[in-house]
Amino acid sequence: MEVVRSQKKPSSAFASADVVSNIPLYRSPPTLEVRLEDFERFAVDRLLVLRRISDGLARGKKPDEMEKLVNDLWKANMRHPQASEVINKDIISHFVLRLVYCRTEELRKWFLSIETTLFRYRFRLESSDVHRALMTELGIPYKVVTNAEFEGLKDKLTQVARSVSQPLPTSDGTYYKVPFEEVPELVASRRVFIQKGYAYVALNQVVSFIIPHFRSHLSKALVLTNRKWTSMIREQEKDRLTPIVEALSTSYLGPDYSQAKELGEMSLKDIDQVARTAFPLCMRHLFDTLREDHHLKHGGRMQLGLFLKGAGLKLDDALAFWKAEFSQKVGAERFDKEYAYGIRHNYGKEGKRTDYTPYSCQKIILSTPGVGDHHGCPYRHFSEENLRAALGKMGVSSRALDDVIEKAKTKHYQLACTLTYEAVHGSSCDAGINHPNQYLSDSQKTLEAKKLSTQTSFTDVQ
Ligand code: SF4
């Protein structure tokens, strides 16, 4: 794959025999030129799909729900204005993310698992002709059961199919003879007939052995890509692709909260009430600590300060807010001398005059708070005991609390936060929490909607 800045865009299609498949096998990088902006944009679109799949798995969605989720996500994010470019977008985005996710063991593990899940559900949605074509394409060496052998086994195959509510075998259907140890899922759930060491696998069950092939190929490919990345690509592309690749795995993909467009202003008189009812736990913890200790270290001031800016707190109000707290600890004079600059800086009024952006969950989760710091993500950085206490204070019921703790323990921090949101507000948040300002904005919308519905029903009664 060659990355260019030009408009040149050769097309590429994937086909096998007479059957055109919508699923590429990603065996080799595309031999086409890619515009630099497509390189990043396609990868971001795929990453949105992968992250939501990961979220669906962590939520314990059932296979049918996952199938629908994958289908909807794919349609929503992986379209292209030109139909002929859809396959290219699929292949290019996969290979860009290979580069992004080949770089550490943890990244490889995540990508392998989610791409395999994506493949599994896309495969399930394809026709049996495509399944057959993919088997050939993958060079899977299992024998097709001959007509004579099929007739001899028909009764046994019918019995098994009936017992697991599979379509009954017909003489024009395909069965494969597979060493039984290669389809442990089917054997364990007694969904295949076994004889002399072979499992007789119906065409609609082949996903069971296609997936290990796909997974093993991708796993090896990721290790090879990593070698190429470290020995060559990273250095060669240090001024062009490397910064994009390195930023993508931690990039925030949601709306921009650098300006408080949606929420309007946050007034000082409401700030305590909003903090209590609508802040996510990370910000609520910083806010409460500031109110109690009248001080926060640099990391906390940045995390909370930028969040409040994104929430619509104007510069004058922000200065008044921080000064009221810090003055009680360090005195007004020292605040003006040492701390006011940092606040004006966040609003782009000092230094390089950059308008700093509120931190996303990814950035907060990856921060490393030291002793005495209060920033970071509580689902990652709190002890279990502290997390339980903090969630209890937010009003999370004890049943929901166990779920949240379990997600935090298994490192699904944003999902833990999403479950907290759902428990506190009693309404679902299917897109998941990706940004503290998104949590705030969604909370405020939900609270507003509840208020309106209470007012409406009250008016109805009058
Ligand atoms: Fe804050 Fe995001 Fe962690 Fe929630 S998941 S507590 S919003 S950093």
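Residues numbered from 1 in each chain as written. Predicted model: local features only at pLDDT ≥ 70, side-chain atom pairs only at ≥ 80, totals over all residues.

## Details of the overall build of the chain
Here is step 1: Scanning the chain for helices and strands turns up 20 helices and eight strands.
Here is step 2: With 462 residues in all, the chain has 31% of them scored as buried.
Here is step 3: A fraction of 68% describes how many contacts in the chain between residues 6 or more apart in sequence connect residues 24 or more apart. (Helix = DSSP H or I, 4+ residues; strand = E, 2+ residues; numbered from the N terminus. Buried ≥ 20, exposed ≤ 12 C-beta atoms within 10 Å, placed from the backbone. Contact = placed C-beta atoms within 7 Å.)

## Thoughts on the site of the ligand
Here is step 1: Among the 15 residues in the neighbourhood of the ligand, the closest are listed as Pro280, Cys282, Cys361, Cys377 and Cys417.
Here is step 2: Every element with two or more residues in the shell around the ligand is listed here: α11 (281-293), α15 (361-365), α16 (378-381), α19 (413-425) and α20 (436-461).
Here is step 3: Its residues assigned to classes, the shell around the ligand shows 14 nonpolar, one polar and no charged. (Near = placed C-beta within 6 Å. Nonpolar A, V, L, I, M, F, W, Y, C, P; charged D, E, K, R; others polar.)

## Considerations on the sheet that holds strand β7 (residues 193-195)
The strands that make up a sheet are held in pairs by hydrogen bonds between backbone atoms, and each pair lies either parallel or antiparallel.
Here is step 1: One open sheet holds the four strands; their spatial order is β5-β6-β8-β7, and the pairing between them is antiparallel. Of all the strands in the sheet, the pair left with one neighbour each is β5 (143-144) and β7.
Here is step 2: Here β5 runs beside strand β6 (residues 175-179); their pairing, made up of two bridges, is antiparallel. Residue pairing in the sheet places Val144 in a bridge with Tyr176 of β6.
Here is step 3: Across the sheet, helix α6 (residues 147-163) touches β6, β7 and β8 (198-202), and the angle it forms with β7 is around 135°. (Pairing = 2+ DSSP bridges. Axes fitted to C-alpha atoms, helices over the stretch in contact; angles between N-to-C directions.)

## Side note on the environment of Glu265
Here is step 1: Looking at where Glu265 falls in the secondary structure, it is placed in the loop between α9 (241-248) and α10 (271-278).
Here is step 2: With 48 residues separating them along the chain, Glu265 and Leu313 place their C-alpha atoms 6.0 Å apart.
Here is step 3: Leaving out residues up to four positions away in the same chain, Glu265 has contacts with Gly312 and Lys314.

## Some remarks on helix α14 (residues 332-346)
Here is step 1: Between its terminal C-alpha atoms α14 stretches 20 Å, which fits the 21 Å expected from 15 residues at 1.5 Å a residue.
Here is step 2: By the largest-angle criterion, Tyr339 marks the main kink of α14, which is about 50°.
Here is step 3: Looking at α14, one finds that the buried residues are Phe335, Tyr339, Ile343 and Asn346.
Here is step 4: At its buried positions, α14 is contacted by α12 (298-310) and α13 (315-330).
Here is step 5: Directly after α14, the chain includes Gly348, whose backbone phi takes a positive value near 75°. (Expected span 1.5 Å × (residues − 1). Bend = angle between axes of the 7 residues up to and from the residue.)

## A closer look at the domain arrangement of the chain
Here is step 1: You can read the domains of the chain as domain 1 (2-126 + 211-248), domain 2 (140-205) and domain 3 (268-461).
Here is step 2: Distance between the C-alpha centres of domain 1 and domain 3: 34 Å. (Domains from an automatic or database assignment.)

## Observations regarding the nonpolar core
Soluble globular proteins tend to bury their nonpolar side chains together.
Here is step 1: With 43 residues, the main nonpolar core has Leu304, Ala416 and Cys417 as its most contacted residues.
Here is step 2: No other element matches α19, which puts seven residues into this core.
Here is step 3: Beyond its immediate sequence surroundings of up to four residues, Leu304 is in contact with Met283, Leu286, Phe287, Leu290 and Leu296.
Here is step 4: Val49, Ile87, Phe95 and Phe214 belong to the second largest nonpolar core, which has 29 residues in total. (Core = buried A, V, L, I, M, F, W, Y, C linked by C-beta atoms within 7 Å.)

## Re unusual backbone geometry
Leaving glycine out, the prevailing phi sign among residues is negative, and the prevailing peptide bond configuration is trans.
Here is step 1: The backbone phi angle of Tyr26 is positive, close to 55°, even though this residue is not glycine.
Here is step 2: Tracing the sequence through the fold places Tyr26 in the loop between β3 (19-20) and β4 (33-35).
Here is step 3: In this structure, Ser165 takes a positive phi of about 55° despite not being glycine.
Here is step 4: Counting through the fold element by element, Ser165 comes out in the loop between α6 and β6.
Here is step 5: With 7 C-beta atoms packed within 10 Å, Ser165 lands in the exposed category.

## Examining the pairing of β8
Here is step 1: Most of β8 is tucked away, with four of its five residues classed as buried.
Here is step 2: Pairing between β7 and β8: three bridges, direction antiparallel. The residue bridging Phe193 from the neighbouring strand is Tyr200, located in β8.
Here is step 3: In this structure, the hairpin formed by β7 and β8 is closed by a connection of two residues, where Lys196 is found at a positive phi of approximately 45°.

## So, the environment of Gly370
Here is step 1: The residue Gly370 is located in the loop between α15 and α16 in this model.
Here is step 2: A residue is classified by how many C-beta atoms lie within 10 Å of it, and Gly370, with 9 of them, is exposed.
Here is step 3: In the structure, Gly370 is positioned 71 residues away from Gly299 in sequence and 9.6 Å away in space, judged by C-alpha atoms.

## Overview of the pairing of β6
Here is step 1: Strand direction decides the pairing type here: β6 and β8, joined by five bridges, are antiparallel. Pairing of Val178 across the sheet is with Ala199, part of β8.

## Comments concerning the environment of Ser216
Here is step 1: Relative to the elements of secondary structure, Ser216 occurs in helix α8 (residues 207-236).
Here is step 2: Distance from Ser216 to Arg276, taken between C-alpha atoms, is 49 Å for residues 60 residues apart in sequence.

## Quick notes on the confidence of the model for the chain
Here is step 1: Residue-level pLDDT values for the chain average 88, and 91% of them are 70 or greater.
Here is step 2: Highest mean pLDDT in the chain belongs to α11 (98); lowest belongs to strand β2 (residues 15-16) (46).
Here is step 3: Here residues 5-17 is a poorly scored stretch, pLDDT under 50, and it has 24 contacts once near neighbours within four places are set aside; other chains count. (pLDDT = per-residue confidence, 0-100.)

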